[in-house]
Amino acid sequence: MMRVHAYAAPSPSEPLAPTIIERRDVGPNDVLIEIRYAGICHSDIHTVRGDWGPQPYPLVPGHEIVGIVTEVGSEVTRHQVGDRVGVGCMVNACRECINCRNGEEQYCQGGMVPTYGGVDRDGTITQGGYATHVVVDADFVVSVPEGIDFTAAAPLLCAGITTYSPLRRWGAGPGKKVAVVGLGGLGHLAVKIAHALGAEVTVLSQSLKKQEDGLRLGADHYHATSDPDTFQQLAGRFDLIINTVSAHIDVDAYLGLLAVDGTLVNVGAPAEPLTLNVFSLIGARRSYAGSMIGGIRETQEMLDFCAEHHIGADVELISADKINDAYDRVLGSDVRYRFVIDTTTLG
């Protein structure tokens, strides 16, 4: 076992604090990664505060991880010592079900193993990336191309793939009108990626205070959803809407913005259920869908795409002692657009 420095949540109500955790020895198909940067995702906050159910405390969050390979197991061929690599939201799966065989490990029928707070195949509880090192099965480690700035790469492992996957799945590209609801950690990457794919991009945000940012990131249009005229003006306009907010929205109002055969995809994960009127769907053959990250193959595809198009997250780099402040600022929408922890400050 290896003992490493980390930051953990002791309980749902206590602030995260420095701790020491144990990582398993490197097995034949494992990779030891010296973590350099770890992104702070809104789902980290939901999880450690118990919004999504009881957790195995103390819990080290973090599933946006980039670092350098420092050791590989005897059977590892895809990664070498010195490689720039990343780890996202999952670290294992059954590998045998139809979804795993199709490269959709995130939908593993046996349940994929999350990077933190899950039970790994050896029975241990997974601990995440707010740490100096992690040992991960090589099959769940992706390569981070040199074309992506390392500090801007970590959020791509969750926020990037969470938006890239549905944009690809529902055909965002030239001739398509795509709307992004919310310009936060997920939303700002959705705008960058949809623009790079060639779609006409509109941001739908509560106010116009981030309009200048939205247009800089690649949006063609920007509208405030707090203005009731917005929903009349844009009725029936979009082929695809990506909802990135983890809060209540009026689903019927947003469905009304879709053209015939349009799709509203939820990637934000609010703690409370959302409701809709089925007539909002059948009136124009619309679809309401959900999407969750992507498989390992698609995650690598996303990273290669981002390198080709020079896409990284807009980040604010923080030291480990600022994690709790960052949580409060995320909840107050005071970040542009992703906090990233410099994990060298953990030691």
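J.: Mind showing me how you'd approach the overall build of the chain here?
T.: Per the secondary structure count, the chain includes eleven helices and 17 strands. Relative to a compact globule of 347 residues, whose C-alpha radius of gyration would be 20 Å, the chain shows 20 Å and is just as compact. Dimensions along the principal axes, computed over C-alpha positions, put the chain at roughly 60 × 40 × 35 Å. Going through the 347 residues of the chain one by one, you find that 56% of them count as buried. Restricting to contacts in the chain with at least 6 residues of sequence separation, those with at least 24 account for 68%. Just so you have it, the chain exposes about 14400 Å², and 48% of that area is on carbon and sulfur atoms.

J.: Looking at this structure, how should I read the packing of helix 4 (residues 159-169) against helix 5 (residues 185-197)?
T.: One way to put it is that helix 4 packs onto helix 5 with a least axis distance of 8 Å and a crossing angle of 45°. When the interaxial angle is binned, helix 4 and helix 5 end up oblique. Taken as a pair, helix 4 and helix 5 cross one another with a handedness that is right-handed. Contact residues: helix 4 offers Ala159, Gly160, Thr162, Thr163, Tyr164, Leu167 and Arg168, while helix 5 offers Gly185, Leu186, Leu189, Ala190, Ile193, Ala194 and Leu197. Of the residues assigned to the contact of helix 4 with helix 5, the class counts are nine nonpolar, four polar and one charged.

J.: What am I meant to see in the side chain of threonine 115 here?
T.: For threonine 115, the location among the structural elements is in the loop between strand 7 (113-114) and strand 8 (133-137). Discounting chain neighbours no more than four positions away, the residues touching threonine 115 are Gly62, His63, Ile65, Val87, Gly88, Cys89, Met90, Val91, Thr126, Gln127 and Gly128.

J.: Would you mind showing me how to read the pattern of salt bridges here?
T.: Side chains that differ in sign of charge can pair as their charged atoms come close. Scanning the model with the defined rule gives 17 salt bridges in all. For glutamate 64, the salt bridge is made with arginine 338, and the minimal N-O distance between the two is 2.7 Å. Here glutamate 64 is found in the loop between helix 1 (42-48) and strand 4 (65-72), whereas its partner arginine 338 is found in strand 17 (residues 338-342), with 274 residues between them in sequence. A relative accessible area of 0% means that glutamate 64 is categorised as buried. In this structure, aspartate 137 and arginine 95 form a salt bridge, with 2.9 Å as the shortest nitrogen-oxygen distance. Taken together, the residues aspartate 137 in strand 8 and arginine 95 in the loop between strand 6 (90-92) and helix 2 (98-101) connect sequence positions 42 residues apart. What you see here is one network of salt bridges that share partners, running through Lys192, Asp213, Arg216, Asp314 and Arg336.

J.: Help me understand the packing of aromatic side chains in this model?
T.: The geometry of an aromatic ring pair comes down to the distance between the two centres and the angle between the two planes. What the rule picks out here adds up to three aromatic pairs. Plain terms: the ring middles of tyrosine 164 and phenylalanine 305 are 5.6 Å apart, the flat faces sit at 55° to each other, and that makes the pair tilted. Here the residue tyrosine 164 occupies a position in helix 4, and phenylalanine 305 occupies one in helix 10 (residues 296-308), the gap between them amounting to 141 residues. Tyrosine 164 gets classed as buried once you look at its relative accessible area, which sits at 0%. Seen in terms of ring centroids, phenylalanine 231 and tyrosine 254 are 5.2 Å apart; in terms of plane orientation they differ by 85°. Their pairing is edge-to-face. Residue phenylalanine 231 is located in helix 7 (residues 229-233), and its partner tyrosine 254 is located in helix 8 (residues 251-255); the two are separated by 23 residues in the primary sequence. Looking at tyrosine 254, the relative accessible area reads 7%, which means it is buried.

J.: How should I be thinking about the nonpolar core in this particular structure?
T.: The tendency in soluble globular proteins is for nonpolar side chains to be buried as a group. In this structure, Ile40, Tyr130, Leu167 and Ile323 are the most contacted members of the largest nonpolar core, which totals 98 residues. Here this core takes seven residues from helix 5, the largest share from any one element. Contacts of isoleucine 323, omitting those with residues within four sequence positions, involve Tyr7, Leu16, Ile40, Tyr130, Ile318 and Ile341.

J.: Would you explain the sheet that holds strand 13 (residues 238-243) in this entry?
T.: Strand pairing in a sheet relies on backbone hydrogen bonds. The paired strands run either parallel or antiparallel. The six strands are arranged 12-11-10-13-14-15 in an open sheet whose pairing can be described as parallel. A strand with exactly one partner marks an edge of an open sheet, and here the two such strands are strand 12 (221-224) and strand 15 (287-290). On average, each strand axis in the sheet is inclined to that of its neighbour by 20°, with strand direction left out of account. Where strand 10 (residues 177-181) lies against strand 13, four bridges are found, and the strand directions are parallel. What sits directly across from valine 180, in strand 13, is isoleucine 242.

J.: Teacher, can you tell me more about the environment of valine 91 here?
T.: With respect to the secondary-structure elements, valine 91 resides in strand 6. Residues valine 91 and lysine 192 lie 101 residues apart in sequence; the distance between their C-alpha atoms is 27 Å. Setting aside chain neighbours within four positions, we find valine 91 in contact with Val113, Pro114, Thr115, Thr126, Val136, Asp137 and Phe140.

J.: Got a minute to help me understand helix 5 in this structure?
T.: Residues separated by three or four positions in an α-helix point in the same direction, a consequence of the helix having 3.6 residues per turn. Between its first and last C-alpha, helix 5 extends 19 Å over 13 residues, near the 18 Å set by a 1.5 Å rise per residue. Turning to helix 5, its buried residues number three or more, namely Gly185, Leu186, Gly187, His188, Leu189, Ala190, Val191, Lys192, Ile193, Ala194 and Leu197. Elements that come into contact with the buried residues of helix 5 comprise helix 4, strand 10, strand 11 (200-205), helix 6 (211-217), helix 10 and strand 17. Immediately downstream of helix 5, the backbone of glycine 198 shows phi near 100°, a positive value.

Analysis parameters
- Residue positions are given per chain, counting from 1 as you read along its sequence in written order.
- Where local features are concerned, this predicted model is filtered to residues with pLDDT of at least 70; where side-chain atom pairs are given and counted, the filter is 80 or more; whole-chain, interface and lining totals use all residues.
- As a convention, hydrogens and water are excluded, and side-chain values are obtained from all of the structure's heavy atoms.
- By definition, any uninterrupted DSSP run of H or I lasting at least four residues is a helix, any uninterrupted run of E lasting at least two residues is a strand, and each is numbered from the N terminus.
- The globule rule used here is 2.2 Å times the number of residues to the 0.38 power, and the radius of gyration it is set against is calculated over C-alpha atoms.
- Each residue's exposure class comes from its accessible area (1.4 Å probe, protein chains only) as a fraction of the maximum for that residue type: buried when under 20%, exposed when over 50%, partly exposed otherwise.
- Here, two residues are considered to be in contact whenever any of their heavy atoms come within 4.5 Å of each other.
- We get accessible surface area from the Shrake-Rupley algorithm with a probe of 1.4 Å; when it comes to residues, only the shown protein chains can shield them.
- Note on method: axes are straight lines fitted to C-alpha atoms, helices fitted across the in-contact stretch only, with angles between N-to-C directions ranging 0 to 180 degrees.
- Here roughly perpendicular refers to angles of 65 to 115 degrees, roughly parallel to angles under 35, roughly antiparallel to angles over 145, and oblique to all remaining angles.
- Left-handed is the label given to a crossing in which the near helix is rotated counterclockwise from the far helix by less than a right angle, and right-handed is the label when the rotation is clockwise.
- Under the grouping applied here, Gly and all other residues not named as nonpolar or charged are polar, the nonpolar ones being Ala, Val, Leu, Ile, Met, Phe, Trp, Tyr, Cys and Pro and the charged ones Asp, Glu, Lys and Arg.
- A side-chain nitrogen of Lys or Arg and a carboxyl oxygen of Asp or Glu constitute a salt bridge if their distance falls within 4 Å.
- Under the pairing criterion, centres of Phe, Tyr and Trp rings, with the six-membered ring standing for Trp, must be within 6.5 Å; the plane angle then separates stacked pairs below 30 degrees from edge-to-face pairs above 60, leaving the rest tilted.
- By nonpolar core we mean a set of buried residues, namely Ala, Val, Leu, Ile, Met, Phe, Trp, Tyr and Cys, connected to one another through side-chain atoms within 4.5 Å.
- By the convention used here, strands pair only if DSSP detects at least 2 bridges between them.
- Here the expected span of a helix is defined as 1.5 Å times the quantity of residues minus one.

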